[in-house]
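# What the coordinates show
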Amino acid sequence: MDSPVWLVIRGLCRGLHLAGYFGAFGTALFGAVLGQGQLKGLRRLAWGGFVVALLGGAGWFWLQSADFAGAGDPATVLAALPLVAGYTRFGWLTLARMGLLLLALLCAQGRRWRLAAGLAGIGVLAQSWLGHGAAMGGPGGEVLLVSSLVHLAGAAAWLGTLPALALGLCTSLEPFALARRYSRLGMGCVAALLATAVLQYLLLIGKISAFFTTGYGAAALVKLVLFAGLLGLAARNRYRLTPALPASRGMLLRAIAIEAALGLLVLLAAGVLMQLPPPAMASMAGMGE
Amino acid sequence: MKKYLLLFTLAGISPAFAHAFLKQAQPAVGAVVTKPPSSLLLTFTEGLEVKFCKVIVMDSMGMHAETGAPQPVPGHANEMSVPVHFAMPGKYTVTWHALSVDTHRTEGSYSFTIGN
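Residues numbered from 1 in each chain as written. Chains lettered and ligands numbered in written order. Predicted model: local features only at pLDDT ≥ 70, side-chain atom pairs only at ≥ 80, totals over all residues.

### Quick notes on the overall build of chain A
Each helix and strand in chain A was counted, giving twelve helices and zero strands. What you see in chain A, going N to C, is helices and strands ordered as α-α-α-α-α-α-α-α-α-α-α-α. The globule rule puts the C-alpha radius of gyration for 289 residues at 19 Å, and the 20 Å found for chain A is close to it. Its C-alpha atoms give chain A principal-axis dimensions of roughly 65 × 40 × 35 Å. Counting the 289 residues in chain A, one finds 49% classified as buried. Intrachain contacts of chain A at a sequence separation of at least 6 include 74% that bridge at least 24 residues. (Helix = DSSP H or I, 4+ residues; strand = E, 2+ residues; numbered from the N terminus. Rg over C-alpha atoms; globule rule 2.2 N^0.38 Å. Buried ≥ 20, exposed ≤ 12 C-beta atoms within 10 Å, placed from the backbone. Contact = placed C-beta atoms within 7 Å.)

Here it is in structure tokens:
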């Protein structure tokens, strides 16, 4: 379970879990903030996100437990699961976050979208306590933690709402008004993501060459390229296709589908990224020896 | 780029030591101590999951000196103590395997000497 292959698979499971979680949260946010709570199919979409989060999370939990225990056989991993669940931050936080998401979905089932979005939002942000910032402590750790909270909020609110936006545009009698309201949310998310990406580059990567000489840098570069693609698509949607609604509805829906697919790839890359050591700490190898 | 790093450093924020590395140890790395301690104290750069950490202490003959598993230190999430018994003076090598709360594993080793 030590090999790079398992590391990537573990990262992909984590990314899939994030994608499902963001989708469930984003759908609830869409229902709560954009006044689309009565939209047909919204609850089914939210539950779909929950199932993806559960499946990705189960894979991630199993593989992470195997890594903690240094175990290769299922029996040893099985024996390690209660220890991981009960005695590690990863264990209890992951279980608590899935519990929160289930509660959120039960609220969504009753069309209590604000409560659902609030509960799922807490679960989204809690992911930050598995990151480097929360582990480090001190001023540097606090800056990284706050950066992670803002980054996660922006990513979840943007990428997580895309499927619900597509659903809304399919049936809305006022697609232009819906798309315009969504644009305001989207632009805020993009600003948050750009600012925190720069900060995290400075603190976790540190130099351009690291993009090409380290695994973390390569994963970050993939994420960056995909993000640039997302920005381009979002700009086209905002400035060309939205003003042309309702005539451009079909093209806009196709563009949103591509945006959602790119968003999924970004999250899968992020999942792998989070398994790797940031280059900025590479010089600490050998400390204390 | 350098001026931004300087700004962050002046603000007390340094590039992330984003894995659990050994920050200090008691007895210290490379120390020579006359009174053998009953436990080692290892301090890391990040919070630890002590249940999944391992510390091996060996003398120059390959005999183990650790007498139990690492234990958490209450109130200090980035520390662990290791019960030890030193049968004789000499050089001891400590090999540590740490699991950080951010799920990353690190390892390293150092030595110190128990003098006569």
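### Re the environment of Gly271 of chain A
Residues and elements named next belong to chain A. Inspection of the secondary structure puts Gly271 in helix H12 (residues 249-273). Between the C-alpha atom of Gly271 and that of His17, which follows or precedes it by 254 residues, the distance is 8.9 Å. Sequence-distant contacts of Gly271, that is, excluding residues within four places in its chain, are made with Gly11, Leu12, Arg14, Gly15 and Leu18.

### Brief notes about the pairing of strand E8 (residues 105-114) of chain B
Residues and elements named next belong to chain B. As paired elements, strand E2 (residues 32-33) and E8 share two bridges and run parallel to each other. Paired with Val33 across the two strands is Ile114, which belongs to E8. Pairing geometry for strand E7 (residues 90-99) and E8, over ten bridges, is antiparallel. Following the sheet pairing, His97 is matched in E8 by Glu107. Hairpin remark: E7 followed by E8, antiparallel, with five residues in the connecting loop; positive phi at Thr103, about 75°. (Pairing = 2+ DSSP bridges.)

### Observations concerning the confidence of the model for chain A
Taken residue by residue, chain A gives an average pLDDT of 92. The fraction at 70 or more is 96%. Overall, residues 284-289 of chain A carries pLDDT values under 50, and its contacts beyond four positions in sequence, including any with other chains, amount to 15 contacts. (pLDDT = per-residue confidence, 0-100.)

### Remarks on the pairing of strand E3 (residues 39-44) of chain B
Residues and elements named next belong to chain B. Residues Leu40, Leu42 and Phe44 point to one face of E3 and are all buried, whereas Ser39, Leu41 and Thr43, pointing to the other face, are not buried. In the sheet, strand E1 (residues 22-26) pairs with E3 via four bridges, with the strands oriented antiparallel. Bridged to Leu22 within E3 is Phe44. Bridging between E3 and strand E6 (residues 76-83) involves five bridges; their strand directions are antiparallel. Counted as the bridge partner of Leu41 is Ser81 from E6.

### Description of the packing of helix H3 (residues 74-87) of chain A against helix H4 (residues 89-109) of chain A
All names here are of chain A. Taken N-terminus to C-terminus, the directions of H3 and H4 make an angle of 80°; their axes are 5 Å apart at the nearest point. Comparing their axes, H4 and H3 come out roughly perpendicular. Between H3, through Val84, Ala85, Gly86 and Tyr87, and H4, the contact on the second element is made entirely by Phe90, Gly91, Trp92 and Leu95. Within the contact of H3 with H4, the residues separate by chemical class into six nonpolar, two polar and no charged. (Axes fitted to C-alpha atoms, helices over the stretch in contact; angles between N-to-C directions. Parallel < 35°, antiparallel > 145°, perpendicular 65-115°, else oblique. Nonpolar A, V, L, I, M, F, W, Y, C, P; charged D, E, K, R; others polar.)

### Focus: the sheet that holds E6 of chain B
All names here are of chain B. Strand order in the open sheet made by the four strands is E1-E3-E6-E5, with antiparallel pairing throughout. Taken across any chain shown, the strands that pair with only one partner, and hence form the sheet edges, are E1 and strand E5 (71-73). The average undirected angle you get between the axes of adjacent strands in this sheet is 30°.

### Concerning helix H11 (residues 215-241) of chain A
Because an α-helix packs 3.6 residues into every turn, residues spaced three or four apart end up facing the same way. All names here are of chain A. The end-to-end C-alpha distance of H11, which contains 27 residues, comes to 38 Å, matching closely the 39 Å that a straight helix rising 1.5 Å per residue would cover. Looking at H11, one finds that the buried residues are Tyr216, Gly217, Ala219, Ala220, Leu226, Leu230, Ala234, Asn237 and Leu241. Each element contacted by the buried residues of H11 is listed here: helix H9 (175-205), helix H10 (210-213) and H12. (Expected span 1.5 Å × (residues − 1).)

### So, the packing of helix H8 (residues 162-171) of chain A against H12 of chain A
All names here are of chain A. Following both chains from N to C, one finds H8 and H12 inclined at 165°, their axes separated by 9 Å at the closest point. By the angle class used here, H8 and H12 are roughly antiparallel. In this structure, H8 crosses over H12, and the sense of that crossing is left-handed. When H8 is examined against H12, the residues Leu162, Pro163, Leu165, Ala166, Leu169 and Cys170 are found in contact with a partner set consisting of Arg249, Leu252, Leu253, Ile256, Ala257, Glu259, Ala260 and Gly263. Broken down by class, the residue content of the contact of H8 with H12 amounts to eleven nonpolar, one polar and two charged. (Left-handed = near helix turned anticlockwise from the far one by under 90°.)

### Here we look at the sheet that holds E7 of chain B
Residues and elements named next belong to chain B. The mixed open sheet is built from four strands, whose spatial order is E2-E8-E7-E4. At either margin of the open sheet sits one strand with a lone partner, and together these are E2 and strand E4 (54-59). With six bridges connecting them, E4 and E7 associate as antiparallel partners. The residue of E7 that forms the bridge with Lys54 is His97.

### Some remarks on the nonpolar core
Soluble globular proteins: nonpolar side chains tend toward being buried together. Core analysis: the largest hydrophobic core is formed by 113 residues, its most contacted members being Ala24, Phe25, Ala28, Ala104, Ala116 and Ala120 of chain A. Residues within four places of Phe25 of chain A in sequence aside, it is in contact with Ala117, Ala120, Gly121, Val124, Ala156 and Gly160 of chain A. (Core = buried A, V, L, I, M, F, W, Y, C linked by C-beta atoms within 7 Å.)

### With respect to helix H1 (residues 4-33) of chain A
Residues and elements named next belong to chain A. Under the 1.5 Å per step criterion, the end-to-end length of H1 is 42 Å for 30 residues, consistent within 8% with the ideal 44 Å. Judged by how many residues are buried, H1 sits mostly within the fold: 22 of 30 residues are covered. Where H1 terminates, the next one or two residues include Gly35, which has phi positive at roughly 65°.

### What about the environment of Ala69 of chain A?
Relative to the elements of secondary structure, Ala69 of chain A occurs in helix H2 (residues 42-69). You can call Ala69 of chain A buried: it has 20 C-beta atoms within 10 Å.

### Points about unusual backbone geometry
Pro246 of chain A follows Leu245 of chain A through a cis peptide bond whose omega is 5°. With an omega dihedral of -5°, the bond running from Gln26 of chain B to Pro27 of chain B counts as a cis peptide bond. Looking at the element boundaries, Pro27 of chain B is found in the loop between E1 and E2. The backbone phi angle of Arg111 of chain A is positive, close to 60°, even though this residue is not glycine. Inspection of the secondary structure puts Arg111 of chain A in the loop between H4 and helix H5 (113-126). Classification of Arg111 of chain A as exposed rests on a count of 12 C-beta atoms within 10 Å. Even without a glycine there, the phi angle at Thr103 of chain B is positive, about 75°. The residue Thr103 of chain B is located in the loop between E7 and E8 in this model. In this structure Thr103 of chain B comes out as buried when scored by C-beta crowding, with 22 C-beta atoms within 10 Å.

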